[in-house]
Amino acid sequence: MGRTIGEVSRNFSALGVLAAALLAAAPEAEAVPSFARQTGMACEACHTVYPELTHFGRVFKANGYILSNVKQVRDVTGKKEELLSLAQTVPLSIMAQVSYTQMKTSVPDLSAAGAPGVAQNGTAGFPQQLSLFYAGKIAPNFGAFFQLTYANDSGTIGIDNTDLRFADTTLLSNNSPLTYGISLNNNPTVQDLWNTTPAWGFPFAASNAVVSPLAGTAIDGAFAQDVAGLTGYLFWNESLYAEVGAYRSAKQGVTSELTGGAGPLDGSASNVMSGLAPYWRVAYEYNWAQHSIEAGLYGAEFRLYPGGAPGAEAPLTGPLNRFNDVAEDVQYQYVGDEHQVTVAGTHIHESMTLDASFASGGSANPKNNLSTTRVWATYYYRRKIGGTVGYFSTTGSADTALYPATVSLAGGNPGVVVSANGSPDTKGWIAEVNYLPWLNVKISAQYTAYNKFNGAGSNYDGLGRNASDNNTWYLLLWFAY
Amino acid sequence: MRNSEMKVDHPVTAGLVKTVLILLGATVLGSAGAAARAEEPDAATKMHAQKVAVTVCGTCHGPQGNSTQPKFPRLAGQNANYLAAQLKAFRSQSRGDPDAIGYMWGMAAELDDDTIAALAAYYAAQKPESGPHADQAAITRGREIYDHGITAEGVPACSSCHGADAHGTQDYPRLAGQHEQYVLKQLGSFQSNMRNVAIMHGVALNLRSPEMQSVAAYLQSQP
């Protein structure tokens, strides 16, 4: 479960939004055996290896998770209209991630101000994450993917990725299927059908006990579980996809100072959306023999009041920060019985117009830009053993206020999470190997190597820390039932 | 001769005896199947089945049953009785090849007999497309086996049940245009008895891998 933009902004004073993105985008990763119970089909129908979807999996999702091949409790009218259709098997699943993280070089120990020391290196996550899902049909054309997660960083249970769908399919006069639907969800791109977009992209799992880069685009997980979105989509002939919708802030754990309730949101909340944030998506998929290829575009525009935090309130009026994100994505899949290959990637470009932050000194420039590129290639043999190699890069305009050179923690500046030159640039590689003794149990070893971190390869924080000091080994046991 | 259980000394004689037995069995099964022919579904069931076929089955098998993925068999023009029998075998979990277990046991679990009959009728009425032509030498060898069998090894002519044009009969499946990979997997499953059909087990038992490939290549190329 990702940290919210609000939590992060409390650490990073004025703006926080941009700094938040990658921190907030703590990986979300799910595999849901309740779908298998509901459809009676093996994992391989919908997944190459979880959580990556096959064509059938994408169609299943577009149709609202409702395909059900189990006995139903029913009620009908005299005209055979269905009033109730409840699966006799409740579509519940659990998922656990147990992990161990080892950084190349540990980080300063802030517990004793003034006394030099380092934090213990080697973090066990037991569990890193434990989730409960309701994933499946609710009513004849209404399905849900609903996740509650306990995470060891917050130590609490909270709402995680959620996607409620109404969907139906009609036959056009030429006998081609047209699927149409509505998604009510809490994370832009969580409703998407391809594993190229941020919510379900690679890495599918990553450590939450590492140093994360400062910068990330807004659509790249910055609003995960912090918004409510309503989108409508069309999926024609299982190939051409179009979706439009809008998001609105839906803060978790925020209390109005006046009402004592969950709202109305006021200046004690941070990064509150002004009005609605539009979201759009188009994609085309073509399938032949064992091959599938997809290309698409997606984007959103977020206009935010910086707001504040309890004790540092800032009214929800005046200038806004605007983040306009436009992205491309591509995917190739080969899905055979013996071999599974995926090559995928996305490129997100963000234009920022920071009227609010510039006015308050939260950014040094009135406008900035940021681009993130991720590409990866995955191979599996018989869905049993495989691996992924990926490259990631975030680059953008330098801004010494947005990506500050110092941070005040425990009365001093420990560096590590800063950028000495105000640059957001971070680049590196991820490689992982996975072994699945059974299709719902995955054992992974992942290594992340940084060529550049927060603007530089060496001494990026001005206190002698190099990008490679943040290189990380991550061992993971990940299963779902 | 690889079948050590055969007690007849002369390989050709052994092959002939086996072929006759298989054909006899096939005839009996064929007439039994003909007696249990599906009834014509009503209009509403037909419409429902068409929608299910295009929007559910079609994701793998193609909207008109001409799948492009070789993992999933082409169903267009398939014989209705055969299709209905297979759907019922999936439903009762008596057809046990790996993809039947992984995919079709679930998909067919809650189908009623009327829907099965209507789905079978839908696919039987679709126009089949022939598959791509592979290696011509394999096709030629495959045609030879298909038309005449391999007498010395007790492999009967496929055409004796599936028809000279491989369009099958009411009870034996159409094979023309079927994906080479799918046919190969089925022959393998018959051979190993994962798909437990006595007649086809007998046929496939003595087929070597290159012979299976030739037959499959030939069938895929047929209109």
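Engineer: Lay out the overall build of chain B with the relevant residues and their values.
Structural biologist: Regarding its fold elements, chain B presents 10 helices and 0 strands. Each helix and strand of chain B, placed in order from N terminus to C terminus, yields the pattern α-α-α-α-α-α-α-α-α-α. The buried share among the 223 residues of chain B stands at 47%. In chain B, once contacts between residues fewer than 6 apart in sequence are set aside, the share between residues at least 24 apart is 73%.

Engineer: So what's going on with unusual backbone geometry? Residues and values would help.
Structural biologist: Residue and element names in this part refer to chain A. Cis geometry marks the peptide bond from phenylalanine 202 to proline 203, where omega comes out at 0 degrees. Note the cis peptide between glycine 263 and proline 264, where omega equals -5 degrees. Position of proline 264 relative to the elements: it lies in the loop between strand E9 (240-249) and strand E10 (270-273). At asparagine 237, a position not held by glycine, the phi torsion is positive, near 55 degrees. Of note, asparagine 237 is situated in the loop between strand E8 (227-236) and E9.

Engineer: Tell me what's going on with the packing of helix H8 (residues 180-192) of chain B against helix H9 (residues 198-205) of chain B, and back it up with residues and numbers.
Structural biologist: Residues and elements named next belong to chain B. Two numbers describe how H8 lies on H9: the axes approach to 7 Å, and their chain directions differ by 100 degrees. By the angle class used here, H8 and H9 are roughly perpendicular. Residue-level contacts link Leu187, Phe190 and Gln191 of H8 to Met200, His201, Ala204 and Leu205 of H9. In terms of residue class, the contact of H8 with H9 is made up of 5 nonpolar, 2 polar and no charged.

Engineer: Can you explain the nonpolar core? Please cite residues and give values.
Structural biologist: All names here are of chain B. Leu83, Leu87, Leu119, Ala120 and Tyr123 are the most contacted members of the largest nonpolar core, which totals 62 residues. A total of 9 residues in this core trace back to one element, the largest contributor, which is helix H5 (residues 113-125). Setting aside chain neighbours within four positions, we find leucine 119 in contact with Ala49, Val52, Ala53 and Leu87.

Engineer: Describe the domain arrangement of chain B, listing the residues and the values that go with them.
Structural biologist: By a frequent convention, interface size equals the accessible area lost on bringing the separate parts together. Residues and elements named next belong to chain B. Each assigned domain of chain B is listed here: domain 1 (11-34 + 131-221) and domain 2 (43-125). In this assembly, 19 residues from domain 1 lie in contact with 12 residues from domain 2. No other element matches H8, which puts 5 residues into the side of domain 1 that touches domain 2. Residue composition of the side of domain 1 that touches domain 2, by class: 4 nonpolar, 11 polar and 4 charged.

Engineer: So, the interface of chain B and chain A: which residues are in play, and what are the values?
Structural biologist: Listed per partner, the contact involves 19 residues of chain B and 23 residues of chain A. Of all elements in the fold, only helix H2 (43-61) and helix H4 (98-108) of chain B reach the threshold of two or more residues within the side of chain B that touches chain A. Broken down by element, the residue count for the side of chain B that touches chain A peaks at 7 residues, all from H2(B). Tallied by class, the residues present in the side of chain B that touches chain A amount to 9 nonpolar, 7 polar and 3 charged.

Engineer: Run through the pairing of strand E1 (residues 72-76) of chain A, naming residues and quoting values.
Structural biologist: All names here are of chain A. With 0 of its 5 residues buried, E1 lies for the most part at the surface. In terms of strand pairing, E1 meets strand E2 (residues 82-87) through 5 bridges, oriented antiparallel. Counterpart to valine 73 in the pairing with E2 is leucine 86. In this structure, the hairpin formed by E1 and E2 is closed by a connection of 5 residues, where lysine 80 is found at a positive phi of approximately 65 degrees.

Engineer: Go over the pairing of E9(A) with me, naming the residues and quoting the values.
Structural biologist: Judged by which residues are buried, E9(A) turns out to be one-sided: Tyr241(A), Glu243(A), Gly245(A), Tyr247(A) and Ser249(A) face inward and are buried, whereas Leu240(A), Ala242(A), Val244(A), Ala246(A) and Arg248(A), on the alternate face, are not. If you look at the hairpin formed by E8(A) and E9(A), you'll find 3 residues sitting between the two strands, and Asn237(A) has a positive phi there, around 55 degrees.

Engineer: Please set out the confidence of the model for chain A residue by residue, giving values where relevant.
Structural biologist: Scored by pLDDT, chain A comes out at a mean of 92, with 93% of its residues at no less than 70. Below pLDDT 50 for its whole length, residues 1-27 of chain A participates in 97 contacts with residues either more than four positions away or in separate chains.

Engineer: Got a sec to walk through H4(B)? Specific residues and values, please.
Structural biologist: Across the 11 residues of H4(B), 8 count as buried, placing the element largely inside the fold. When we look at burial in H4(B), the residues that qualify are Asp99(B), Ala100(B), Tyr103(B), Met104(B), Trp105(B), Gly106(B), Met107(B) and Ala108(B). Summarising the contacts, the buried residues of H4(B) are in contact with helix H3 (33-39) and helix H4 (43-46) of chain A together with helix H3 (80-91) of chain B.

Engineer: Before we move on, can you summarise the environment of Asn421(A) with the specific residues and values?
Structural biologist: Residues and elements named next belong to chain A. With respect to the helices and strands, the residue asparagine 421 is situated in the loop between strand E16 (385-396) and strand E17 (426-438). Look at asparagine 421 and you get partly exposed, because 15 C-beta atoms sit within 10 Å. For asparagine 421 and proline 404, which are 17 residues apart along the polypeptide, the C-alpha to C-alpha distance reads 8.2 Å. When residues no more than four places from it in sequence are discounted, the contact partners of asparagine 421 are Ala398, Gly455 and Ala456.

Engineer: Can you explain the environment of Thr151(B)? Please cite residues and give values.
Structural biologist: With respect to the helices and strands, Thr151(B) occurs in the loop between helix H6 (136-148) and helix H7 (159-162). In this structure the C-alpha to C-alpha distance between Thr151(B) and Gly65(B), which are 86 residues apart in sequence, comes to 35 Å.

Engineer: Please provide a residue-by-residue account of the confidence of the model for chain B, values included.
Structural biologist: All names here are of chain B. Mean pLDDT over chain B works out to 87, with 83% of the residues at or above the 70 mark. Within chain B, no element has a lower average pLDDT than helix H1 (residues 11-35), which sits at 55, and none a higher one than H3, at 97. Low confidence marks residues 1-9, where pLDDT is under 50. Its contacts with residues over four positions away, or in another chain, come to 11 contacts. In the model, residues 31-36 has pLDDT below 50 throughout and makes 4 contacts with residues more than four positions away in sequence or in other chains. Both scores are given for the predicted complex: the pTM is 0.91, the ipTM 0.88.

Quick notes on the rules
Residues numbered from 1 in each chain as written. Chains lettered and ligands numbered in written order. Predicted model: local features only at pLDDT ≥ 70, side-chain atom pairs only at ≥ 80, totals over all residues. Helix = DSSP H or I, 4+ residues; strand = E, 2+ residues; numbered from the N terminus. Buried ≥ 20, exposed ≤ 12 C-beta atoms within 10 Å, placed from the backbone. Contact = placed C-beta atoms within 7 Å. Axes fitted to C-alpha atoms, helices over the stretch in contact; angles between N-to-C directions. Parallel < 35°, antiparallel > 145°, perpendicular 65-115°, else oblique. Nonpolar A, V, L, I, M, F, W, Y, C, P; charged D, E, K, R; others polar. Core = buried A, V, L, I, M, F, W, Y, C linked by C-beta atoms within 7 Å. Domains from an automatic or database assignment. Pairing = 2+ DSSP bridges. pLDDT = per-residue confidence, 0-100.

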